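Chain by chain, the residues:
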Amino acid sequence: MAELVDKISELSGQNLDACYQCGKCSGGCPSVAQMDMLPNQVIRLLQIGLPELALQCNTIWICASCYMCTVRCPRGIDLSKIMEALRQVNLRENLDYMKIKEIKEEDIFILPQIALVANFRKQTA
Ligand code: SF4
Ligand code: SF4
């Protein structure tokens with residue numbers, strides 16, 4: 001698992017050990033109500049060697065890459081890049097998070113097309 005954590009650190013370019021769990025990232029995250037794990041908890045899982053749990057949470061897909069956490073972090077950690085690295089690791093395993101065939105037809109007509117395209121890019125391998 002250490003290799004996987006190193007890979008996430010390499011892909012994101014972030015020093016995971018720099019995080020001291022102050023929670024300022026989670027406190028400012030606008031998407032946190034929809035997440036099953038707080039952003040700082042995702043980093044903590046990586047710090048304690050449980051990357052597989054970080055890869056399974058919905059937080060990494062809910063993250064809107066808005067950079068609020070990045071701006072608030074007193075340690076200069078770009079958490080949005082860590083979220084992106086976790087998504088990349090999943091997608092490299094050809095694990096699609098969004099199943100195109102499972103989108104309801106009525107939703108396709110309601111959802112903005114740009115949102116659908118952006119999600120296809122972000123959530124499919
Ligand atoms: S704001 Fe930075 S140091 Fe604080 S918990 Fe979040 S990532 Fe860690
Ligand atoms: S980049 Fe993601 S984790 Fe960070 S504040 Fe925005 S939505 Fe939350």
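Up top is the structure.
Keep in mind the model is a prediction, meaning the values are calculated, not measured. (Residues numbered from 1 in each chain as written. Chains lettered and ligands numbered in written order. Predicted model: local features only at pLDDT ≥ 70, side-chain atom pairs only at ≥ 80, totals over all residues. Heavy atoms only, no water.)

## Remarks on the packing of aromatic side chains
Each pair of aromatic rings is reported with the distance of its centres and the angle of its planes.
Here is step 1: Within this structure, the stated rule accounts for zero aromatic pairs.
Here is step 2: Here the basic side chain of Arg-75 rests over the ring of Tyr-20, its NZ or CZ set 5.5 Å away from the ring centre. (Phe/Tyr/Trp six-rings, centres within 6.5 Å; stacked < 30°, edge-to-face > 60°. Lys NZ or Arg CZ within 6 Å of the ring centre and 35° of its normal.)

## Focus: the site of ligand 2
Here is step 1: Neighbouring ligand 2 are the residues Cys-29, Pro-30, Ser-31, Pro-39, Cys-63, Ala-64, Ser-65, Cys-66, Tyr-67, Met-68, Cys-69 and Ser-80.
Here is step 2: Of the residues that constitute the shell around ligand 2, the class distribution is nine nonpolar, three polar and no charged. (Near = heavy atom within 4 Å. Nonpolar A, V, L, I, M, F, W, Y, C, P; charged D, E, K, R; others polar.)

## Let's talk about the site of ligand 1
Here is step 1: Looking at ligand 1, the residues that line it are Cys-19, Tyr-20, Gln-21, Cys-22, Gly-23, Lys-24, Cys-25, Asn-40, Ile-43, Cys-73, Pro-74 and Arg-75.
Here is step 2: For the shell around ligand 1, the elements supplying multiple residues, two or more each, are helix H2 (24-28) and helix H3 (39-47).
Here is step 3: Grouping the amino acids of the shell around ligand 1 by side-chain chemistry returns seven nonpolar, three polar and two charged. (Helix = DSSP H or I, 4+ residues; strand = E, 2+ residues; numbered from the N terminus.)

## With respect to the packing of H3 against helix H7 (residues 79-92)
Here is step 1: H7 packs onto H3 with a crossing angle of 65° between their chain directions and a minimal axis gap of 11 Å. Every pair of crossing elements has a handedness; the one defined by H3 and H7 is left-handed. Facing Pro-39, Val-42, Ile-43 and Leu-46 of H3, the residues of H7 in contact are Leu-79, Ile-82, Met-83 and Leu-86.
Here is step 2: Its residues assigned to classes, the contact of H3 with H7 shows eight nonpolar, no polar and no charged. (Axes fitted to C-alpha atoms, helices over the stretch in contact; angles between N-to-C directions. Left-handed = near helix turned anticlockwise from the far one by under 90°. Contact = heavy atoms within 4.5 Å.)

## What about the environment of Leu-38?
Here is step 1: Tracing the backbone shows Leu-38 in the loop between H2 and H3.
Here is step 2: The partly exposed category is assigned to Leu-38, whose relative accessible area is 34%.
Here is step 3: Leu-38 has contacts with Ser-26 and Val-32, leaving out every residue within four places of it along the chain. (Buried < 20%, exposed > 50% of the residue type's maximum accessible area, 1.4 Å probe, protein only.)

## Some words on the packing of helix H1 (residues 2-12) against H7
Here is step 1: With their axes 8 Å apart at the nearest point, H1 and H7 run at an angle of 120° to one another. Considering their axes alone, H1 and H7 lie oblique with respect to each other. Pair H1 / H7 crosses with right-handed handedness. Mapping the contact onto sequence places Leu-4, Lys-7, Ile-8, Leu-11 and Ser-12 in H1 and Lys-81, Ile-82, Ala-85, Leu-86, Val-89 and Arg-92 in H7. (Parallel < 35°, antiparallel > 145°, perpendicular 65-115°, else oblique.)

## Some words on the nonpolar core
Across soluble globular proteins, nonpolar side chains show a tendency to be buried alongside one another.
Here is step 1: Core analysis: the biggest nonpolar cluster contains 28 residues, and Ile-8, Leu-46, Ile-77, Leu-79, Ile-82 and Leu-86 have the highest contact counts within it.
Here is step 2: Breaking this core down by element, the ones donating at least two residues are H1, H3, helix H4 (51-56), helix H5 (59-62) and H7.
Here is step 3: When residues of this core are assigned to their parent elements, the largest contribution, seven residues, is made by H7.
Here is step 4: Those residues in contact with Leu-79, other than ones at most four positions away along the chain, are Cys-25, Pro-39, Ile-43, Cys-69 and Thr-70. (Core = buried A, V, L, I, M, F, W, Y, C linked by side-chain atoms within 4.5 Å.)

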